[in-house]
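# Observations on the model geometry
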There are 2 protein chains.
Amino acid sequence: MEGVDLLVRGAGELLTLDHGRPGPVTGEAMRDLRIVPGGAVAVRDGRIRAVGPTAELEARFEARETVDAAGRVVMPGFVDPHTHLVFPATRQGEFEMRCLGKSYEEIARAGGGIRNSARRMREARREDLLDRARRLRRSALRHGTTTLEAKSGYGLATEPEILSLEVIAALDDRGDVVPTFLGAHEVPDEYRDDREGYVRLVVEEMIPAVAARGLARFCDVFCEEGVFSVEQSRRILRAGREAGLAPKLHADELHPLGGAELAAELGAASADHLVRISDAGIAALAATGVPAVLLPGTSFFLGMKDFAPGRRLIDEGVVVALATDLNPGSSMTENMQFILTAACLAYGMTPAEAITAATLNAARAVRLDDEVGSLVPGKRADLLVLDVDDHRLLAYHHGVNHVARVIHHGEIVE
Amino acid sequence: MEGVDLLVRGAGELLTLDHGRPGPVTGEAMRDLRIVPGGAVAVRDGRIRAVGPTAELEARFEARETVDAAGRVVMPGFVDPHTHLVFPATRQGEFEMRCLGKSYEEIARAGGGIRNSARRMREARREDLLDRARRLRRSALRHGTTTLEAKSGYGLATEPEILSLEVIAALDDRGDVVPTFLGAHEVPDEYRDDREGYVRLVVEEMIPAVAARGLARFCDVFCEEGVFSVEQSRRILRAGREAGLAPKLHADELHPLGGAELAAELGAASADHLVRISDAGIAALAATGVPAVLLPGTSFFLGMKDFAPGRRLIDEGVVVALATDLNPGSSMTENMQFILTAACLAYGMTPAEAITAATLNAARAVRLDDEVGSLVPGKRADLLVLDVDDHRLLAYHHGVNHVARVIHHGEIVE
């Protein structure tokens, strides 16, 4: 008998998402969760050692510790590939204004929104930023998110952008909080009359400073009418890429500017939002394999009646992923389970498709599909024991936390 | 010093909802939560003994047990005035069909929906029904719902309707699960060609049987195109009223049939759903004080792009309440916190209005406003300690359970 650290046994449905290769899947394969009934997972040194029927694994391995899944669903931890985890304060006042009829864009134009956060960020203390981000990260973990991406973007000046990325670095000990530089999240107050000047600051000062410190893996831009044009976005993302930061893009959220096409052109790690993606944009993502990260919680939270064409993106062969977009303005939730429900309802995805989008395909959107997103020997032992015996219940029975047990890097989270 | 059982002290915001009389509020008063900063609540024998500033109550009372709210929000427990708590099985298969484009009405016409549950109900065992309902009730409590209404309505025959109400009775020990008879939830398979025959069964056999056993406080009807007409609904609700069951009504959900007008005519305990309420219906509810119970989670779960006119109902002086509509077909959640968020976003209610609608006004919709819904001496000691310091965060930061402590009938729920 071979010794292992942990054996998770007796799953009713073990969702392996093992498609024979580590990467993402498209089209009909998204509905196939590669379920092993009565499955088990053996874990050693924080990695998955083996996956298979319980009887088989119990015959092969002697485990120091055992978790009995007792007929319930066991699945890979969620990967949340789009969050704005570090911010100086919640913005419930703006939420209240929105309830009373002001639009997100009106609030932004009046100096609220991201610029509101940026002003507060200038006075924020490192300890407070870290404390807030740590509590949200911990809550996300308790709701099943074992890996998440985190963006800067409320600094809008070199020093607070660096500070944000240092806070993100302080959260991560084992590669499970993926840092993205988003200096081009908005144009700060002092550059409203010199937008090009801010683009130059991002390109010439911020990107080199971030890259020199090794603080980010990705460079992101909010490409949107009234924020950064396609041309400005291209310049920023190219500069980032030359400095070693792979491109990501807030694309076609409120207006169809061609952000998806730009993401395809640059070979971006992902194109995110896509509520207004064009036909050409869909074709470009499908042709290049650039993942579409959809954010149904944001559409919900902004009260939008239009959604990204999630069903069509899947049917046309795009790598579709899901994320929370956790941020204090347009999506104040860290819970990927809610995102599954919202994706099913908004896009007409099935629960299985949503699960694939929130694990395997989401891992691709942060280029960690070799590491996480499926239950395959060699990947990180990030897995969830749910309190349901049918994976569809995870999306269907909403508003409650179905995660009974989180195993993160092979350790049981208490 | 007077002895009390429990003192909840040190609230940052104590939301008393004490408007000087126990009943519901309308219009601008819904935004006034009657907040006592730094407030405390003294509890004796399961009832509220006193409410006021912490220093004052600590000088007056000696408590056997103290809960320190530590600057956070303390508020009345939620009252959920519309649930279908007792059902034989979840219906995730129909959810999946809906994801793939089938409408709720198409599924119902094909024999799914309520009739699906009714067929399974005929084989259901009492222990299983009770076990499922008890788990959901317990989960609702952990999410802050201290009082809820529960309907029968999946039996659609005398015996299983009685069984459902007996299960509801078994859940309730102290008047916090309010039973409603909803035999007229759908026309069962065997009466599809004799709808009038089913109405007669409800009126002549079921209502007398339910009333004789003292198993329900309210009688409800699904008044909807293809289900029960206004005229049939009137007959059923009058028969219920004569037997001592106050009327309630599923009204104007999918089509504007005049259900709200009927509720006003009958002096119903509430008119529920109201997505398609007419101008005359709004005026009738405002004039009679019949509460409108809005169910934004149902609109969300059915993927509807139209919502009840919540903002307008408030502005026109209707007593507006909120509920989950917990049921396996059109709203699979027991969490009132999600309902607050959905109400803010769907109706343009403020967080404060949503809290009033989910406590004080919801209590009116089950005619328990003398007992629960606000923190007033003499009412049941049903209160929540949240993990937030601003009540707006309860609606704004969604997808997580903000209830840190539930006190139910004066006892701390473990």
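For clarity, every value in this text was computed on a predicted model and none was experimentally measured. (Residues numbered from 1 in each chain as written. Chains lettered and ligands numbered in written order. Predicted model: local features only at pLDDT ≥ 70, side-chain atom pairs only at ≥ 80, totals over all residues. Heavy atoms only, no water.)

Moving on: the interface of chain A and chain B. A common measure of how large an interface is: the accessible area buried when the components associate. Counting residues at the interface gives 41 residues for chain A, matched by 41 residues for chain B. Buried area between chain A and chain B, both sides added, is near 3,600 Å², and the carbon and sulfur share of it is 67%. Three residues, A:Leu345, A:Tyr396 and A:His398, lead the burial of chain A against chain B; their summed loss comes to 21% of the area buried on that side. Our count for the chain A to chain B interface comes out at two salt bridges. (Contact = heavy atoms within 4.5 Å. Buried area = accessible area lost by both parts, 1.4 Å probe. Salt bridge = Lys/Arg side-chain N within 4 Å of Asp/Glu carboxyl O.)

Turning to the pairing of strand E1 (residues 2-9) of chain A, a few remarks are in order. Residue and element names in this part refer to chain A. In the sheet, E1 pairs with strand E6 (residues 61-68) via seven bridges, with the strands oriented parallel. Bridge pairing in E6 links Leu-6 to Glu-65. Two elements, E1 and strand E4 (residues 39-44), share three bridges in a ladder whose sense is antiparallel. Looking across to E4, one finds that Leu-7 is bridged to Ala-42. (Pairing = 2+ DSSP bridges. Helix = DSSP H or I, 4+ residues; strand = E, 2+ residues; numbered from the N terminus.)

When two helices pack together, you describe them by how their axes are tilted relative to each other and by the distance separating the axes. All names here are of chain B. In contact at an axis separation of 9 Å, helix H13 (residues 336-347) and helix H14 (residues 351-358) are set at 135° when each is read in the N-to-C sense. Accordingly, the angle class assigned to the pair H13 and H14 is oblique. H14 is crossed by H13, and the crossing has right-handed handedness. Side by side, H13 and H14 meet where Met-336, Leu-340 and Cys-344 of the first sit next to Pro-351, Ala-354, Ile-355 and Ala-358 of the second. (Axes fitted to C-alpha atoms, helices over the stretch in contact; angles between N-to-C directions. Parallel < 35°, antiparallel > 145°, perpendicular 65-115°, else oblique. Left-handed = near helix turned anticlockwise from the far one by under 90°.)

Below, the discussion takes up the environment of A:Asn327. Residues and elements named next belong to chain A. Along the chain, the position of Asn-327 falls in the loop between strand E15 (320-322) and helix H13 (336-347). Sequence separation of Asn-327 and Thr-298 is 29 residues, and the distance between their C-alpha atoms is 9.3 Å. With residues up to four places along the chain from it excluded, the contact list for Asn-327 reads His-84, Tyr-154 and Met-332.

Residues and elements named next belong to chain A. Along its twelve residues, H13 runs 16 Å from first to last C-alpha, staying within 8% of the 16 Å computed at 1.5 Å per residue. Buried residues dominate H13, accounting for eleven of its twelve residues. For H13, the full list of buried residues reads Met-336, Gln-337, Phe-338, Ile-339, Leu-340, Thr-341, Ala-342, Ala-343, Cys-344, Leu-345 and Tyr-347. Two or three places before Gln-337, at the opening of H13, Asn-335 has a side-chain oxygen 2.8 Å from that residue's backbone nitrogen. Immediately beyond the C-terminal end of H13, within one or two residues, lies Gly-348, with a positive phi of roughly 70°. (Expected span 1.5 Å × (residues − 1). Buried < 20%, exposed > 50% of the residue type's maximum accessible area, 1.4 Å probe, protein only. Polar contact = N/O pair within 3.5 Å; in protein donor to acceptor, adjacent residues only side chain to side chain.)

Moving on, we come to the sheet that holds strand E5 (residues 47-53) of chain A. Residue and element names in this part refer to chain A. As summarised here, the arrangement of the four strands in space is E5-E4-E1-E6, forming an open sheet in which the pairing is mixed. Strand pairing shows two members of the sheet lacking a second neighbour, E5 and E6, which therefore form its edges. Within this sheet the neighbouring strands show an average axis-to-axis angle of 25°, counted without direction.

Let's shift gears to the domain arrangement of chain A. Residues and elements named next belong to chain A. Each assigned domain of chain A is listed here: domain 1 (2-76 + 373-412) and domain 2 (79-365). Taken together, the 34 residues of domain 1 in the interface contact 33 residues of domain 2. Our count for the domain 1 to domain 2 interface comes out at two salt bridges. In this structure, Arg-174 engages Glu-411 in a salt bridge whose closest nitrogen and oxygen atoms are separated by 3.9 Å. Applying the counting criterion to the domain 1 and domain 2 interface returns twelve residue pairs in polar contact (both at pLDDT 80 or more). Here the side of domain 1 that touches domain 2 gets four residues from one element, more than from any other, and that element is strand E17 (residues 403-408). Looking at the side of domain 1 that touches domain 2 residue by residue, the class counts come to 16 nonpolar, twelve polar and six charged. (Domains from an automatic or database assignment. Nonpolar A, V, L, I, M, F, W, Y, C, P; charged D, E, K, R; others polar.)

In the structure shown here, the tally under the stated rule is 16 aromatic pairs over all chains. When the ring centre of A:Phe218 is taken as reference, the NZ or CZ atom of A:Lys248 above it lies at 5.3 Å. (Phe/Tyr/Trp six-rings, centres within 6.5 Å; stacked < 30°, edge-to-face > 60°. Lys NZ or Arg CZ within 6 Å of the ring centre and 35° of its normal.)

Considering all chains together, one arrives at 66 salt bridges over all chains under this definition. A salt bridge links A:Asp315 to A:Arg311; its shortest N-O distance comes to 3.1 Å. Within this pair, A:Asp315 and its partner A:Arg311 are both found in helix H12 (residues 310-315), separated by four residues, close to a single helical turn. Among the ionic pairs, B:Glu190 bridges to B:Arg122, the shortest N-O distance being 3.1 Å. Remark: B:Arg122 occurs in the loop between helix H4 (114-121) and helix H5 (126-142) and B:Glu190 occurs in the loop between strand E10 (177-184) and helix H7 (195-213); sequence separation between them is 68 residues. By relative accessible area, B:Arg122 is classed as partly exposed at 39%. Linked by salt bridges that have partners in common, A:Arg31, A:Arg311, A:Asp315 and A:Glu353 make up one network.

What follows is about the environment of A:Gly267. Residue and element names in this part refer to chain A. Tracing the chain through its elements places Gly-267 in the loop between helix H9 (259-266) and strand E13 (270-273). Accessibility expressed as a relative area gives 34% for Gly-267, which makes it partly exposed. For the pair formed by Gly-267 and Pro-247, sequence separation is 20 residues and the distance between their alpha carbons is 7.6 Å. With residues near it in sequence (within four places) discarded, Gly-267 still touches Val-290 and Arg-367.

Rotating chain A by 180° and translating it 0.0 Å along the rotation axis places it on chain B, where the RMSD comes to 0.0 Å. The relationship between the two copies is best expressed as a two-fold rotation axis. (Least-squares fit on C-alpha atoms with pLDDT ≥ 70 in both.)

Take the sheet that holds strand E3 (residues 35-37) of chain A next. Residues and elements named next belong to chain A. The strand order across the open sheet formed by six strands is E3-E2-E7-E16-E17-E18, and the pairing between neighbours is mixed. The open sheet terminates on both sides in strands that have one partner only, identified here as E3 and strand E18 (411-412). Sheet topology note: the E17/E18 ladder contains two bridges and is antiparallel. From the neighbouring strand, His-408 faces E18, where its bridge partner is Glu-411.

So, on to the packing of H7(B) against helix H8 (residues 230-242) of chain B. Residue and element names in this part refer to chain B. For the pair H7 and H8, the least separation of the axes is 10 Å and the interaxial angle reads 5°. Considering their axes alone, H7 and H8 lie roughly parallel with respect to each other. Residue-level contacts link Glu-196, Val-199, Val-202, Val-203 and Ile-207 of H7 to Gln-232, Arg-235, Ile-236, Ala-239 and Gly-240 of H8. For the contact of H7 with H8, the class distribution of residues is six nonpolar, two polar and two charged.

Residues and elements named next belong to chain B. At Leu-17, a residue that is not glycine, the phi angle is positive and equals roughly 55°. Along the chain, Leu-17 turns up in the loop between strand E2 (13-15) and strand E3 (35-37). A relative accessible area of 1% places Leu-17 in the buried class.

The next thing to look at is the environment of A:Ala212. Assignment of secondary structure puts A:Ala212 in helix H7 (residues 195-213). Spatially, the C-alpha atoms of A:Ala212 and A:Ala268 are 21 Å apart, while their sequence positions differ by 56 residues.

Take the side chain of B:Thr350 next. Following the sequence through the fold, B:Thr350 ends up in the loop between H13 and H14. Residues in contact with B:Thr350, not counting those within four places in the same chain, are A:Glu96, A:Cys99, A:Leu100, B:Arg31, B:Arg311 and B:Cys344.

Another point: the state of the cysteines. All told, the structure shown has zero disulfides over all chains when counted by the stated rule. Among the cysteines around B:Cys99, which has no disulfide bond, A:Cys344 carries the closest sulfur, lying 4.1 Å off. In this structure B:Cys223 is not part of a disulfide, and its nearest cysteine sulfur, from B:Cys219, lies 13 Å away. (Disulfide = S-S within 2.5 Å.)

Take helix H6 (residues 158-171) of chain A next. All names here are of chain A. In this model, H6 (14 residues) spans 20 Å end to end at C-alpha, consistent with the 20 Å of a helix rising 1.5 Å per residue. Here H6 lies mainly inside the structure; ten of its 14 residues are buried. Looking only at H6, the buried set comprises Thr-158, Pro-160, Glu-161, Ile-162, Leu-163, Ser-164, Leu-165, Val-167, Ile-168 and Leu-171. Close packing links the buried residues of H6 with helix H4 (114-121), helix H5 (126-142), strand E9 (145-151), strand E10 (177-184) and H7.

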